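# Geometric and topological summary
Given next are the chains, with one letter for each unit.
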Amino acid sequence: MTHGNLRIGLRILTALAALLLVLTGCGSDREDRFARPGAPKSSPSGKFVAHAASASEVRVTDRDGADVFRKSYEYAASSRADGIGVVWLSEQDQLWVLVPGDASERIEPGPDGVWTATRAELPREITRLG
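Residues numbered from 1 in each chain as written. Predicted model: local features only at pLDDT ≥ 70, side-chain atom pairs only at ≥ 80, totals over all residues. Heavy atoms only, no water.

Right, let's get into the pattern of salt bridges. The full count for this structure, using the stated rule, is 6 salt bridges. When the shortest N-O distance is used, the salt bridge between D67 and R59 registers 3.0 Å. Taking the relative accessible area as the measure of exposure, D67 reaches 39% and is therefore partly exposed. Among the salt bridges present, the one from E108 reaches R106, with a minimum N-O distance of 2.7 Å. Using a relative accessible area of 22% as the deciding quantity, one classes E108 as partly exposed. One network of salt bridges, with partners in common, ties together E57, R59, D67 and R70. (Salt bridge = Lys/Arg side-chain N within 4 Å of Asp/Glu carboxyl O. Buried < 20%, exposed > 50% of the residue type's maximum accessible area, 1.4 Å probe, protein only.)

Written as C-alpha cells, this is what we have:
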C-alpha cells in the first residue's frame, strides 16, 4: 500500500469511528447527562433541577429554586476522590445517585409529592452511561 492510500484508509477509519460514536450515543452523552458541582441538570419535565452541590451532596429544587429534596452522601464519598454520580432517567422525573462501593439510590416524588430516596438496582439506561 502506498503512503497516499494509507492516509486515505486512515481517514476513512477515523470517519467511521466518529460516525459510530454518534450513532451509538457514546462520546459526550455521559458528560451531558450528569449533574456536577456548578453544573445542575434539569429533569425531563423541566419542573425540577438536580444539583450536585458538592462531591457528596445532592439537592433537587423546583423551577423557583425551592428545595424539594436534599441529602448528604458524605459517608460514602469521604474516602473516594471521584464522589458520587447524579443523573436523571431520560423520560421521567426520577433521579439516580450512583454511590461508589455502595448501593445506588433512586430519588423521586411519591403520590403525596414528597421526594424520597430508595436503594434500588440501577436501570439499564443508567448502567449504559458508564
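Another point: the confidence of the model for the protein. Interpretation of the predicted coordinates at a detailed level should be avoided for regions scoring low in pLDDT. Within the protein, residue pLDDT values average 77, and 68% of them lie at 70 or more. Per-residue pLDDT stays below 50 along residues 8-31; that stretch engages in 7 contacts with residues further than four places along the chain or on separate chains. (pLDDT = per-residue confidence, 0-100. Contact = heavy atoms within 4.5 Å.)

Moving on: the environment of Q94. With respect to the secondary-structure elements, Q94 resides in the loop between β6 (85-88) and β7 (95-98). Accessibility expressed as a relative area gives 9% for Q94, which makes it buried. Between the alpha carbons of Q94 and R106 there is a distance of 6.7 Å; along the sequence they are 12 residues apart. Apart from the residues within four sequence positions on either side, Q94 is in contact with V87, W88, L89, R106, I107 and E108. Polar contacts involving the side chain of Q94 include one to the side chain of W96, which spans 2.9 Å. (Helix = DSSP H or I, 4+ residues; strand = E, 2+ residues; numbered from the N terminus. Polar contact = N/O pair within 3.5 Å; in protein donor to acceptor, adjacent residues only side chain to side chain.)

Counting 16 residues, the largest nonpolar core has V58, V86, L95 and I107 as its most contacted members. For this core, the secondary-structure elements that each account for two or more residues are β3 (48-52), β4 (57-62), β6 and β7. It is β3 that contributes the most residues to this core, 3 residues altogether. Aside from chain neighbours lying at most four places away, what touches V86 is R33, F34, A35, A50, A52, V58, L95 and W96. Counting 8 residues, the second-largest nonpolar core is a separate cluster that includes F34, W96, A120 and L129. (Core = buried A, V, L, I, M, F, W, Y, C linked by side-chain atoms within 4.5 Å.)

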